[in-house]
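Breakdown of the fold
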Amino acid sequence: MPRMQTFPDLLKSLWQRIGSMSLAIILLVVLAIASVIGTVLLQNQNQADYLQQFGPLWYWVFRSLGLFDMYQTWWFMSILGFLMVSLTSCLWRNVPKMLKDMRTRKAAVAEKSLKHFKYLHDWQMQDVDADQLQQSFRQRLQGWEFRQVEQDGVQYLRADKGRWNKWGYILVHSAILVVLVGGWIGSEYGFRGNMAVPEGSSEHEISFLQGTETGHLSMPFEVRCNSFSIDFFPTGAPKEFLSNLTIIDHGKEVLTSDIIVNEPLYYKGVRIYQSSFGDGGSDITFKMFHMDGSETITTAKTKVYQSWKDEKTGLSIKVTDFKPYNVENMANPGEVIDFQDLGPAVVYELRGPDLKPVKIKAFMNPFIDPKGKNQGSFMMVSLTGDKADYKPVSLGLDLTNPVEWKLFHAFMRQLAIVDKASKDANLTAFKTAMKEVFGAGKRPERMQDVAMRTLQAVNMLSALPWPMLPMLGDFEQHYYTGLQLAMDPGMNVVWFGSAMLVIGLCIMLYMPHRKLWLIIHPESKGLHITLAGMTNRNHLIFDQVFNDMFTQLDQDFRQNT
Amino acid sequence: MTATIAEPELSTLLYQGRWAWLRFNAYIGAMLGIAGMAMFGVGAYEENAFLYQILSMKGVMWGGTGALAGCGLAVVASTMKPVLLDAKMARNITPWLDGFVLMVILAAIWALFEPAQSQITYEDQSNLFAGRIIMAMNVIFIFSAVSYIAYLFAPESFIGRLATWTAYTGVFLGGSALLLRWHESYLFDMEIGHAPVSNLYEVFILLFCITAAVYLALEKRYEAKAMGAFVLSLVSAGVFFGIWLDSVGQSDIKPLVPALQSYWMKIHVPMNFVGYGSFAVACGAGMAYLVRHRLEAAGGTSKMLAIFPSLDQLDQLAYKAVAIGFPAFTLATILGAAWAAEAWGGYWSWDPKETWALIVWLIYGAYLHARVSHGWHGKALAWWAVAGFLITVFCFLGVNMYLSGLHSYGRLS
Ligand code: HEM
């Protein structure tokens, strides 16, 4: 009957179990499988989106398991912690043994254990000198280390190569510990957050996601954004985002520098990265086209993120964004993609008494189609406020040209007077309107197009429910630069661990420990010589090495006789 | 010793002893010199002219000084310690570096066939010469795969040699085509130019070449020709995918988004593909193992068995490939982390691509442990090598296609 284990014994066996290789395999696989979850389930999204996606039950289950911020949960941390414990245990048990083995290198081999060697060859020789045999053995093994003893009349000559191989094991496994500790230091004593600084202003607080909430942290200095600019490739794709920043420490300007993506700024242990950009409150001038038939155009000045209200009609505009470039795919579905820049556009929400609120993206320039034909001004309108619901609305007129606005009104007035019953009422009205605007016999360029546009505008403009049509008239752009600020005191620890890991792996995998013995047994008639070998890795090569060695030694030995 | 030493063959002379050792150090010195130029040179590293920085007088000075310094140190070191002349590292790595130099020469020759500057437009890149070389490479790799398979059924040494040589040709075509593409990217506009490791199409070609090269290195050392049928079939599958990418317009040279304009990319990406390529070879060895196992179980009468390496050898070959891939992949992941630390402010963000790289790394780490520990035998490990490669493929392709994250450049648009 097995003896009952005492508690310390139990602990000891548990400790050994924890450091065992099979547990290592299981741990690595479990960690791999656990990591998959967080890549399939998008992390740190809006909670409402999760609820909608999974339904109340699964949302609740996933949320309780912390799956929406998985890599910080207690259970994932526990797996990592367990890995550290396991590594410590296996290092604890193996390192002293390995260090001792590497140091001692016993030269003698017991007869019994020799039988278990995978690599073994024998000679039976007469009239040879043991010294000379050993000499040729040493010569054949340039760069190996030797140990020699004589025991019970048997001479052992041991040669080692790569005897530091076990350092590879020690380095690799402690490297994982070092990297994990570095990561822990970073998460405990470091920070990482974002800061948006409009051009010309300064900021000293970063914000970051903390589980599902936003945290704030004040920096020991202020960052001022002097300017932000975007550089473009000839193809129109952005090439470089550049911020010119000044660091202000206790009211003093200490440092001014440009940063771009991939080239951060470093101050007081904090790295400042270019990470995004956006509108920092650009000045916007709207041209308001009054839709009451009065032909009036007024202007309204405001800024992005601010509102403007017309007292008389109660119409209000809330500007939410401005973009100087709007590259859109202009191809029809199924055609080759065709990106074109549609020029500056402002995004605003339009509200008013008895009006359905809408979101509008109004472009400054008329749309010129690929054939060079002016298709008139246009905007995108979303009735729900959702980006996906934007519908293009072509206004017909080119509103950047005041003459067309005038012509449109003249045409409307004439339409009201002409005899509706007559066959070419439209034509008559248009001709009269032309005469009114341009004078007799004069006609604008591209007369055909202008006529088409005016006709289209009659249907389009009169269908719009708004008392005024706010179009982008002018702008002065101010960006904000999106910075990421991070401090990570554990980072260098991580790099140190990484270096250990790579070096350790190379030692472990490419510098196998090889051992060869030349054992000379004096017998009654001559010598019994044994060549024995052992390696802990890469048997394919060692097979060859060992057999070559045998052939060469055989030659040498025979020459010596 | 008697005077029976044979005349040393040219290849022995070139690839063993002092010449290999000198060349090895000269190459290393040249690379360090170029790296030094990128870090400390006047004007330092410029994303949009790096190729010409290397090829300019400045690059020649830095690289040449490095090479000379390398040679000098090599002479000193080997005088003090003559065993170094026989260093395994120099012997094994020098042929690769020689091959690289040959690729550069080839690319320089191809560049002569480029259409006139006036004919080159960004909108229509179909007349560029690299595209033709890549097409030739595609055909050659498929031909090579077919030859390797034919060799299994008709083990004539002629067919075997044909298979090997076509595989070599494919590697050189692919490698030189990529170098040429680097040059071509500057032809549209200096600003657009960048190293050819920026999109899926380019890295695919890199992957074929590295996979085939790793395989060829193993074939040369271990005479494991039967494995080629499996590895080159994997490469051919990739070739078809590449042809598809080309047909949907993914093969165009496009300017680099700001996040990718970093010298880290030039080290991180190729290093990653050394990992992927080696894992592909390990998968090929695993497949060969499973096939041989099948054949043996069926009675071992198949003629094919004669040319297959033994089970034990195949097992070791898979290990060997993983042993090449694992440290490379580890280093690549670390380089990626270093890049992330510089570009995004944190070395690890649990972004899907990163996380999948970790998963792949853990799986192969577990593979190495399973191999050392008792109770795991060849067949299970062969399956592991195959499954590991499937996970690798997901990390490489699947993540780009199905999961979102920061590594969006690999996305099919
Ligand atoms: C992420 C973590 C780990 C990595 C990357 C890693 C890596 C490695 C590698 C590459 C080898 C060499 C395998 C070979 O012979 O080819 C190895 C061996 C080994 N590992 Fe790990 N390991 C890790 C975790 C662990 C853990 C947690 C344990 C123990 C609980 C462990 C115990 C061992 C042992 C005992 C060996 C054999 C050493 C020898 O005698 O050669 N490892 N490890």
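That block above? That's the structure.
Residues numbered from 1 in each chain as written. Chains lettered and ligands numbered in written order. Predicted model: local features only at pLDDT ≥ 70, side-chain atom pairs only at ≥ 80, totals over all residues. Heavy atoms only, no water.

**Regarding the overall build of chain A**
Keep this limit in mind: Every helix listed is a DSSP run of H or I at least four residues long, and every strand listed is a run of E at least two residues long, numbered separately from the N terminus. Radius of gyration here uses only the C-alpha atoms, and the compact-globule reference equals 2.2 Å multiplied by the residue count raised to the power 0.38. Note on exposure labels: buried denotes an accessible area under 20% of the residue type's maximum, exposed denotes more than 50%, and partly exposed covers the range between, all computed with a 1.4 Å probe on protein chains only. Whether two residues are in contact is decided by their heavy atoms, any of which lying within 4.5 Å being enough. Each accessible area is a Shrake-Rupley estimate made with a 1.4 Å probe; only the visible protein chains count as cover when residues are assessed. The charged-residue count follows a simple rule in which Lys and Arg add positive charge and Asp and Glu add negative charge, with His and chain termini not counted at all. By convention, the charge on Lys lies at NZ, on Arg at CZ, on Asp at CG and on Glu at CD.
Helix and strand counts for chain A stand at twelve helices and 24 strands. Taken over the C-alpha trace, chain A has a radius of gyration of 41 Å; the compact-globule value for 561 residues is 24 Å, which it surpasses by more than 25%. Across its three principal axes, chain A shows a C-alpha extent of roughly 140 × 60 × 60 Å. Burial analysis of chain A (561 residues in total) assigns 45% to the buried set. The contacts of chain A with a sequence gap of at least 6 include a subset with a gap of at least 24, amounting to 60%. Element-wise, carbon and sulfur atoms account for 57% of the exposed surface of chain A, whose accessible area totals about 30500 Å². In chain A, 56 side chains carry a positive charge and 56 a negative one; their mean positions are 5 Å apart.

**Here's the deal with the overall build of chain B**
Along chain B, the regular secondary structure elements total 13 helices and zero strands. Element order for chain B, N to C, with α for helix and β for strand: α-α-α-α-α-α-α-α-α-α-α-α-α. Against the globule reference of 22 Å for 413 residues, chain B gives a C-alpha radius of gyration of 22 Å, in line with a compact fold. Seen along its three principal axes, the alpha-carbon backbone of chain B occupies a region of about 65 × 60 × 45 Å. Across the 413 residues in chain B, those meeting the buried criterion constitute 55%. For chain B, long-range pairs separated by at least 24 residues make up 76% of all intrachain contacts whose partners lie at least 6 apart in sequence. By element, 70% of the accessible surface of chain B is carried by carbon and sulfur atoms, the whole surface being about 18200 Å².

**Brief notes about the coordination of the iron atom of the ligand**
Operational definition: Water is not part of the atom set, so a site may look incomplete; the donors themselves are N, O and S atoms within 2.8 Å of the metal, or 3.2 Å for Na, K and Ca. Working rule for geometry: tetrahedral if four donors all subtend angles between 85 and 135 degrees; square planar for four, octahedral for six, if opposite donors exceed 155 degrees and the others stay between 65 and 115; irregular in every other situation.
In this structure, A:His173 (NE2) and B:His369 (NE2) serve as the protein donors to the iron atom of the ligand, at separations of 1.8 Å. Taken together, the six donor atoms coordinating the iron atom of the ligand and their angles of 85 to 177° define a geometry best described as octahedral. Of this pair, A:His173 sits in helix H7 (residues 165-189) while B:His369 sits in helix H12 (residues 352-372), on two different chains.

**What about unusual backbone geometry?**
All names here are of chain A. Even without being a glycine, Asn262 presents a positive backbone phi close to 75°. Mapped onto the secondary structure, Asn262 falls in the loop between strand E8 (252-260) and strand E9 (265-267). Non-glycine residue Glu295 carries a positive phi angle of around 70°. As for its placement among the helices and strands, Glu295 is situated in the loop between strand E11 (283-290) and strand E12 (297-303). For Glu295, a relative accessible area of 25% gives the class partly exposed.

**Topic: the site of the ligand**
The cut-off we apply is this: Being near a molecule or strand, for a residue, comes down to having at least one heavy atom within 4 Å of it. Nitrogen and oxygen atoms within 3.5 Å of one another constitute a polar contact, given that in protein one can donate a hydrogen and the other can accept it, and given that sequence-neighbouring residues count only through two side-chain atoms. Under the convention adopted here, Pro, Cys and the residues Ala, Val, Leu, Ile, Met, Phe, Trp and Tyr are nonpolar, Asp, Glu, Lys and Arg are charged, and Gly plus all remaining residues are polar.
Inspection of the region around the ligand gives 25 residues, with A:Ser86, A:His173, A:Met508, A:Arg537 and B:His369 positioned closest. Near the ligand, the surrounding residues are drawn from chains A and B. Within the contact set of the ligand, an oxygen atom lies 3.3 Å away from a side-chain nitrogen or oxygen of B:Tyr319. B:His369 is positioned such that a nitrogen or oxygen atom in its side chain is 2.6 Å from a nitrogen atom of the ligand. The residue inventory of the shell around the ligand, partitioned by class, reads 17 nonpolar, six polar and two charged.

**Examining the nonpolar core**
Heads up, the condition is: Take the buried residues of types Ala, Val, Leu, Ile, Met, Phe, Trp, Tyr and Cys, join any two whose side-chain atoms come within 4.5 Å, and each joined set is a nonpolar core.
Grouped together as the largest cluster of nonpolar side chains are 156 residues, with contacts concentrated most on B:Phe141, B:Met227, B:Phe273, B:Leu317, B:Tyr367 and B:Phe396. In this structure, A:Phe289, A:Ile317, A:Ala362 and A:Leu469 belong to the second largest nonpolar core, which totals 49 residues.

**Focus on the interface of chain B and chain A**
Heads up, the rule is: Summed over both partners, the accessible area lost on bringing two parts together, with a 1.4 Å probe, is the buried area. Salt bridge, as used here, is a side-chain nitrogen of Lys or Arg placed within 4 Å of a carboxyl oxygen of Asp or Glu.
Counting from both sides, the interface comprises 60 residues of chain B and, opposite them, 53 residues of chain A. Interface of chain B and chain A: buried area, both sides summed, is about 4800 Å²; carbon and sulfur atoms make up 68% of it. Of all residues in chain B, B:Pro258, B:Tyr347 and B:Trp350 give up the largest surface area on contact with chain A, accounting jointly for 14% of the area buried on that side. For the interface between chain B and chain A, the tally reads zero salt bridges. Our enumeration of links across chain B and chain A arrives at four residue pairs in polar contact (both at pLDDT 80 or more). Going through the elements one at a time, helix H8 (200-222), helix H11 (311-343) and H12 of chain B are the ones with two or more residues in the side of chain B that touches chain A. For the side of chain B that touches chain A, the per-class residue count stands at 40 nonpolar, 14 polar and six charged.

**Points about the sheet that holds strand E3 (residues 154-161) of chain A**
Residues and elements named next belong to chain A. Note the following rule: By the convention used here, strands pair only if DSSP detects at least 2 bridges between them. Lines are fitted to the C-alpha atoms to define the axes, a helix being fitted only along its stretch in contact, and any angle between axes, read from their N-to-C directions, falls within 0 to 180 degrees.
The sheet built from five strands is open, its strands ordered E1-E24-E23-E3-E2 with antiparallel pairing. Both outer strands of the open sheet, strand E1 (119-125) and strand E2 (145-151), are each paired with one neighbouring strand and no more. Taken pair by pair, the neighbouring strands of this sheet meet at an average axis angle of 15°, ignoring direction. Both E3 and strand E23 (residues 514-522) contribute to a ladder of seven bridges, which runs antiparallel. Looking at the pairing, Asp160 lines up with Lys515 of E23.

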